[in-house]
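Chain residues, written in single-letter form:
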Amino acid sequence: MKTEIQAALQSRLDETSAAKGRQKFHLMADIGWISDPNGLCDHNGTIHICHQYTPAADLGLSKSWGHYTTRDWIHYIDQGTLMVPDQPIDKDGCYSGSALSWKGKLHLFYTGNILSFGDFDYIYSGRGHYTNHLESTDGLHFSPKEVLLRNEDYPADMSCHVRDPKLTVVKGRPWMVLGARTRKDVGCALLYQADPDNLCHLEYVQTIHSPEKFGYMWECPGLIANGDDLYLMACPQGVPRQGYKYENVYQNGLFRLSQDKTNQWIAKDFQTLDYGFDFYAPQSFVDHHGREIVIGWMGIPDAPYDNPEKEQNWVHCLSLPRTIRFENGRVFQYPVEEILTLKDVEKPICIRKNLHSSGAATPHVTGGC
């Protein structure tokens, strides 16, 4: 990061840190804009929580990944900026993705955004949307980025909107789903099987559709297994409002997956996960206690209202962690038990910085011990 940009950020930081409305129990940025939770996983007993992060778009900074860790949901370490768009394979943004702890290594998968110069719509032309990978043993120091899938590797009927790779282990096998928009503006998810001996080897299996069109794009997908039942978490865009249903700009929720006569997965019976206006891009993972934990972005794209905190040089935060359970086809959600110990105290979650982080030196933490 250039010295003048660092100086500009630092000059804003004191004012932003003292601003009213700073959160006490939610992860957020010290300065700048955050959105989708990324890379949620439990690696050797440490929970990794990343998120989309742009410290200052007006200074020419693009989407990066912020990075926190915790072992108890009360005490957090700010590990710095995990990655920034510094390669040709992600020059216009390190977009959303996921993490998987597998055979002693922490694997990260994300979308590298590449925009061409010229008169393009970036929906059907002019955009590279690569699925990229990097890995780590300790969860702090990562290998160089590498490309796994390029535009030409996706099904031929896809638009330039294929993104948000999410790895999930189902019955001992790793699978990946990608959110997608076809060239006919139909939302769907691409399903890949990952080689257990080399997660970078991905084999396309099928495109998951709903019986009828349900929006033009499915963002932030992820598989959730519950016994023999399989669900697809996703954020469909372009779903028409139906009374009190689908009032949000874009939706969030779960499809139930079932197989047809040809053993193809079909997405059915969409259930909204959270009816709040500011809840989007939820991601889930299974911790070492076996709990399915979900964190969402407390914001939403293309909202018809503004955010007053922008004047204080920060926007949005992450939701509190919640567990989800399935009973008789219904979804139940509960706060993670650990945070309930904070309900009768004024002391916020405790966050300290890792001053030896190998990431970019842009601070992005609130709260204190």
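Note that this is a predicted model, so its numbers are computed, not measured.

### Structural notes on the overall build of the protein
Logical step 1: Looking only at helices and strands, the protein features one helix and 22 strands.
Logical step 2: Seen along its three principal axes, the alpha-carbon backbone of the protein occupies a region of about 60 × 50 × 45 Å.
Logical step 3: Put simply, the protein has 369 residues, and 54% of those count as buried.
Logical step 4: Within the protein, residue pairs in contact and separated by at least 24 positions form 54% of the contacts whose partners lie at least 6 positions apart.

### A word on unusual backbone geometry
Logical step 1: Located in the positive-phi region is Lys103, a residue other than glycine, with phi close to 50°.
Logical step 2: Counting through the fold element by element, Lys103 comes out in the loop between strand 5 (94–102) and strand 6 (105–115).
Logical step 3: One non-glycine residue, Asp164, lies in the positive phi region at around 65°.
Logical step 4: Mapped onto the fold, Asp164 is located in strand 9 (residues 158–170).
Logical step 5: Residue classification places Asp164 among the buried positions, given a relative accessible area of 6%.

### Things to note about the sheet that holds strand 13 (residues 217–226)
Logical step 1: The antiparallel open sheet is built from four strands, whose spatial order is 13-14-15-16. If you trace the sheet from one side to the other, it starts and ends with strand 13 and strand 16 (265–272), each paired once. Averaged over all neighbouring strand pairs, the angle between strand axes comes to 30°, with direction disregarded.
Logical step 2: In terms of strand pairing, strand 15 (residues 253–259) meets strand 16 through six bridges, oriented antiparallel. Following the sheet pairing, Ser258 is matched in strand 16 by Ile266.

### Points about the pattern of salt bridges
Logical step 1: Tallied over the entire structure, the rule returns 17 salt bridges.
Logical step 2: Taking the shortest distance from any N to any O, the salt bridge between Lys353 and Asp78 comes out at 3.8 Å. Separated by 275 residues along the polypeptide, Lys353 in strand 22 (residues 350–353) and Asp78 in strand 4 (residues 75–83) bring together distant segments of the chain.
Logical step 3: For Asp78, a relative accessible area of 3% translates into the label buried.
Logical step 4: A salt bridge links Asp287 to Arg291, with the nearest nitrogen and oxygen atoms 2.9 Å apart.
Logical step 5: One salt-bridge network, in which partners are shared between bridges, spans Arg22, Asp30, Asp78 and Lys353.

### Structural notes on the packing of aromatic side chains
Logical step 1: In this structure the tally under the stated criterion is 13 aromatic pairs.
Logical step 2: Taking 6.3 Å as the distance between ring centres and 55° as the angle between the ring planes, the aromatic pair formed by Tyr246 and Phe270 counts as tilted. Of this pair, Tyr246 sits in the loop between strand 14 (229–237) and strand 15 while Phe270 sits in strand 16, and the two are 24 residues apart along the sequence. Like Tyr246, the residue Phe270 is buried in the burial classification.
Logical step 3: The side chain of Arg22 reaches across the aromatic face of Trp314, ending 5.2 Å from its centre.

### A word on the nonpolar core
Logical step 1: Counting 26 residues, the largest nonpolar core has Leu27, Ile49, Trp73 and Tyr76 as the members making the most contacts within it.
Logical step 2: Residue assignment for this core shows that the elements contributing at least two residues are helix 1 (3–17), strand 1 (32–43), strand 2 (46–54) and strand 18 (292–297).
Logical step 3: Other than its neighbours up to four places away in sequence, Tyr76 contacts Leu27, Ile49, Thr69, Thr70, Ile349, Cys350, Ile351 and Arg352.
Logical step 4: With 19 residues, the next largest nonpolar core counts Leu100, Leu167, Tyr192 and Leu199 among its residues.

Rules behind the numbers
- Residues numbered from 1 in each chain as written.
- Predicted model: local features only at pLDDT ≥ 70, side-chain atom pairs only at ≥ 80, totals over all residues.
- Heavy atoms only, no water.
- Helix = DSSP H or I, 4+ residues; strand = E, 2+ residues; numbered from the N terminus.
- Buried < 20%, exposed > 50% of the residue type's maximum accessible area, 1.4 Å probe, protein only.
- Contact = heavy atoms within 4.5 Å.
- Pairing = 2+ DSSP bridges.
- Axes fitted to C-alpha atoms, helices over the stretch in contact; angles between N-to-C directions.
- Salt bridge = Lys/Arg side-chain N within 4 Å of Asp/Glu carboxyl O.
- Phe/Tyr/Trp six-rings, centres within 6.5 Å; stacked < 30°, edge-to-face > 60°.
- Lys NZ or Arg CZ within 6 Å of the ring centre and 35° of its normal.
- Core = buried A, V, L, I, M, F, W, Y, C linked by side-chain atoms within 4.5 Å.

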